[in-house]
Amino acid sequence: MVLSFEKISKLIARSLSITPEALKEAFAPALDADMSAIKAFRQEYLGRHIAWQDETYLRWRYDFSGNRTAALNRLWIIKIDGEILGMIGLDYAEFTCQCERIDAYNPLDLLVCTRLDGLGLGVWMSMVLAQEYELLFAMGATKHSKVIVQKLFTPMPDLGSWKYLLRSSRYLQARIPPFILPMVAAVVDLGLGLKRKWITCGKKHTGQFAPLEHFAAHAPALETLINSYNQTHWIMRKRSADFLDWRFMRNPRRTYQALGLLCSGELSAYAIYHIKDQTVLHIDDLFAASGDLKGLQALLASLLEIACAANVSVVSFTAHNETWQHLLIPFGFTFRDDGHLFGVAVKDHELQAHLLSPPHWWVTSCDTHSEGF
């Protein structure tokens, strides 16, 4: 039996000994005065999983001003008699498609107190937000939210991991006897190196590569890059300088690196990446003007060089298969469908059919929020 929002509201309210109206009023964006209680709640139910300064993260991620009209990230909480019972965040995303701005929100940081497990409070909060906002999209899910996402969102093809092997010892150690592992790995690595040099030969670019400390100085160039997609079918996040600097360069949970391709001093393409555990270089975003395959190839060749210099074993890129296969397969990347969940919930939008069409979405780790886990 599928329960309606009204029935779920009545069941939860009855369990909490309040009215459905009081339940709805108790669910609102958190204010600055709630910070101490929010930190304590997250510490109680996340505990050792918090590997960062949590208040710094919360203030970086969310707005606590109480502004309900502006397009901002907000942390919604249910608070009854001064006690927080659950919370869910909404990450605002400005997408663009054929010159049209699309406001979307990505749920995250879902948490419900354990004594209410099974009551459906997480589902209820998600249903309220689905009514409140026109477009929600889900990128990835924790064990707390996966079932909710699968029930409330239209399932889209999951993202997967594109992998490029640089060094083989970690891959071979479970398959090769230890006494011959070094010799076999050396031979395989030699072959991988020769293959890489062959693939990247001719992929250099006449532009100049340079590390980027921030994107603010390249705001006009970024606007030009995103505008180059105006006549395409892609639904993609608007990569403004403000967003990129906030999302990556000022992120308190992970240190990211940015590599820019400059032509005549102007930014023509960029890559954002991080190195995890000194073993994997993750590409978090890869972007160039529409149709600029050479720029993307040059970035990818440079990232492989950086990965080699850093002595990592694997280069990884989380994205869709079809969107990137024309670039990554010729480079020797292989795609692994690892079920990185993706879903969309659309309410009465004029582009509803377009938004529910999987081939139209351009998404990367730029649209997730998994750092720190």
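Here, the structure is the one placed above.
Residues numbered from 1 in each chain as written. Predicted model: local features only at pLDDT ≥ 70, side-chain atom pairs only at ≥ 80, totals over all residues. Heavy atoms only, no water.

Asks: Please provide a residue-by-residue account of the overall build of the chain, values included.
Replies: Within the chain, the secondary structure is distributed over 13 helices and 16 strands. At 23 Å, the chain has a C-alpha radius of gyration in line with the 21 Å of a compact globule built from 373 residues. In terms of overall dimensions, the chain has C-alpha extents of about 70 × 55 × 40 Å along its principal axes. Every one of the 373 residues in the chain was classed for burial, and the buried ones make up 51%. (Helix = DSSP H or I, 4+ residues; strand = E, 2+ residues; numbered from the N terminus. Rg over C-alpha atoms; globule rule 2.2 N^0.38 Å. Buried < 20%, exposed > 50% of the residue type's maximum accessible area, 1.4 Å probe, protein only.)

Asks: Can you lay out the pairing of strand β4 (residues 100-112) for me, pointing to particular residues and giving the numbers?
Replies: The pairing of strand β3 (residues 83-97) with β4 spans 11 bridges and is antiparallel. In the strand pairing of β4, Met87 is matched with Leu111. Connecting β3 to the next strand, β4, in antiparallel fashion are 2 residues, including Gln98 with a positive phi near 50°. (Pairing = 2+ DSSP bridges.)

Asks: Report on the pattern of salt bridges, specifying residues and quantitative values.
Replies: As enumerated under the stated definition, the model contains 13 salt bridges in all. In this structure, Lys79 and Asp34 form a salt bridge, with 2.6 Å as the shortest nitrogen-oxygen distance. Of this pair, Lys79 sits in strand β2 (residues 74-80) while Asp34 sits in the loop between β1 (27-29) and α3 (35-46), and the two are 45 residues apart along the sequence. Residue Lys79 is classed as partly exposed on the basis of its relative accessible area, which comes to 36%. Given the relative accessible area of 8%, Asp34 is considered buried. (Salt bridge = Lys/Arg side-chain N within 4 Å of Asp/Glu carboxyl O.)

Asks: Let's hear about the packing of helix α1 (residues 5-15) against helix α5 (residues 121-132): which residues, and what values?
Replies: Running from N to C, α1 and α5 point in directions that differ by 135°, and their axes come no closer than 10 Å. As summarised for this structure, α1 and α5 are arranged oblique, according to the angle between their axes. At the point where α1 passes α5, the crossing takes the left-handed sense. Every residue of α5 that contacts α1 at Phe5, Ile8, Ser9 and Ile12 is listed here: Leu121, Trp124, Met127, Val128 and Gln131. Here the contact of α1 with α5 is built from residues that sort into 7 nonpolar, 2 polar and no charged. (Axes fitted to C-alpha atoms, helices over the stretch in contact; angles between N-to-C directions. Parallel < 35°, antiparallel > 145°, perpendicular 65-115°, else oblique. Left-handed = near helix turned anticlockwise from the far one by under 90°. Contact = heavy atoms within 4.5 Å. Nonpolar A, V, L, I, M, F, W, Y, C, P; charged D, E, K, R; others polar.)

Asks: Explain the nonpolar core to me, and be specific about the residues and the numbers.
Replies: Within soluble globular proteins, side chains that are nonpolar tend to cluster in buried spots. Membership of the largest hydrophobic core comes to 105 residues, with the highest contact counts inside it found for Trp124, Phe215, Leu286 and Trp324. Residue contributions to this core peak at 8 residues, all from helix α11 (residues 293-309). Those residues in contact with Leu286, other than ones at most four positions away along the chain, are Tyr270, Ala271, Leu296, Leu299, Leu300, Leu303, Phe317, Trp324, Leu327 and Trp362. (Core = buried A, V, L, I, M, F, W, Y, C linked by side-chain atoms within 4.5 Å.)

Asks: An account of the sheet that holds strand β10 (residues 257-263) is requested, with residue identities and associated values reported.
Replies: Strand order across the open sheet formed by 7 strands is β8-β10-β11-β12-β13-β7-β14, with mixed pairing between neighbours. The sheet is open, and its two borders are formed by β8 (208-212) and β14 (334-340), each paired with just one other strand. Strand-to-strand twist across the sheet, computed as the mean angle between neighbouring axes with direction ignored, equals 30°. With 4 bridges joining them, strand β12 (residues 280-288) and strand β13 (residues 314-319) adopt parallel strand pairing.

Asks: Account for helix α4 (residues 54-61), naming residues and giving values.
Replies: What sets the pattern is the α-helix's 3.6 residues per turn: residues three or four places apart point alike. The set of residues buried in α4 consists of Asp54, Tyr57, Leu58, Trp60 and Arg61. Along the axis of α4, the buried positions cluster into a sector of 165°, meaning they face one direction only. Among the structural elements, α3, β2, β3, β4 and α10 (241-249) are those in contact with the buried residues of α4. (Arc of directions from axis to C-beta.)

Asks: Could you give an account of the pairing of β2, with specific residues and numbers?
Replies: Burial analysis of β2 places 6 of its 7 residues in the buried class, which makes it a mostly covered element. Sheet analysis places β1 next to β2, joined by 3 bridges and oriented antiparallel. Bridge pairing in β2 places Ala28 opposite Ile77. Note that β2 and β3 share 7 bridges and pair antiparallel. For Ile77, the partnering residue across the bridge sits in β3 and is Met87. Remark: 2 residues form the turn of the hairpin made by β2 and β3, two consecutive strands paired antiparallel; Asp81 in that turn has positive phi of roughly 55°.

Asks: Account for the packing of aromatic side chains, naming residues and giving values.
Replies: The final tally for this structure, using the stated rule, is 26 aromatic pairs. Taking 5.2 Å as the distance between ring centres and 50° as the angle between the ring planes, the aromatic pair formed by Tyr164 and Phe333 counts as tilted. You can see Tyr164 sitting in strand β7 (residues 159-165) and its partner Phe333 sitting in the loop between α12 (321-328) and β14, a full 169 residues away along the chain. The ring centre of Trp52 lies 4.5 Å from the NZ or CZ of Arg253, which sits over that ring. (Phe/Tyr/Trp six-rings, centres within 6.5 Å; stacked < 30°, edge-to-face > 60°. Lys NZ or Arg CZ within 6 Å of the ring centre and 35° of its normal.)

Asks: Pulling in residues and values, what's your account of the environment of Gln53?
Replies: Inspection of the secondary structure assignment puts Gln53 in the loop between α3 and α4. Separated by 129 residues in sequence, Gln53 and Pro182 place their C-alpha atoms 41 Å apart.

Asks: Could you give an account of α5, naming the residues involved and the relevant values?
Replies: With 12 residues, α5 extends 17 Å from end C-alpha to end C-alpha; this agrees with the ideal 16 Å at 1.5 Å per step. All of the buried residues along α5 are Leu121, Gly122, Trp124, Met125, Ser126, Met127, Val128 and Leu129. (Expected span 1.5 Å × (residues − 1).)

Asks: Can you explain the packing of α11 against α12? Please cite residues and give values.
Replies: α12 packs onto α11 with a crossing angle of 75° between their chain directions and a minimal axis gap of 10 Å. When the axes of α11 and α12 are compared, the pair comes out roughly perpendicular. In contact with Leu293, Leu296, Gln297 and Leu300 of α11, α12 contributes Trp324, His326, Leu327 and Leu328. Per-class residue counts for the contact of α11 with α12 are 6 nonpolar, 2 polar and no charged.

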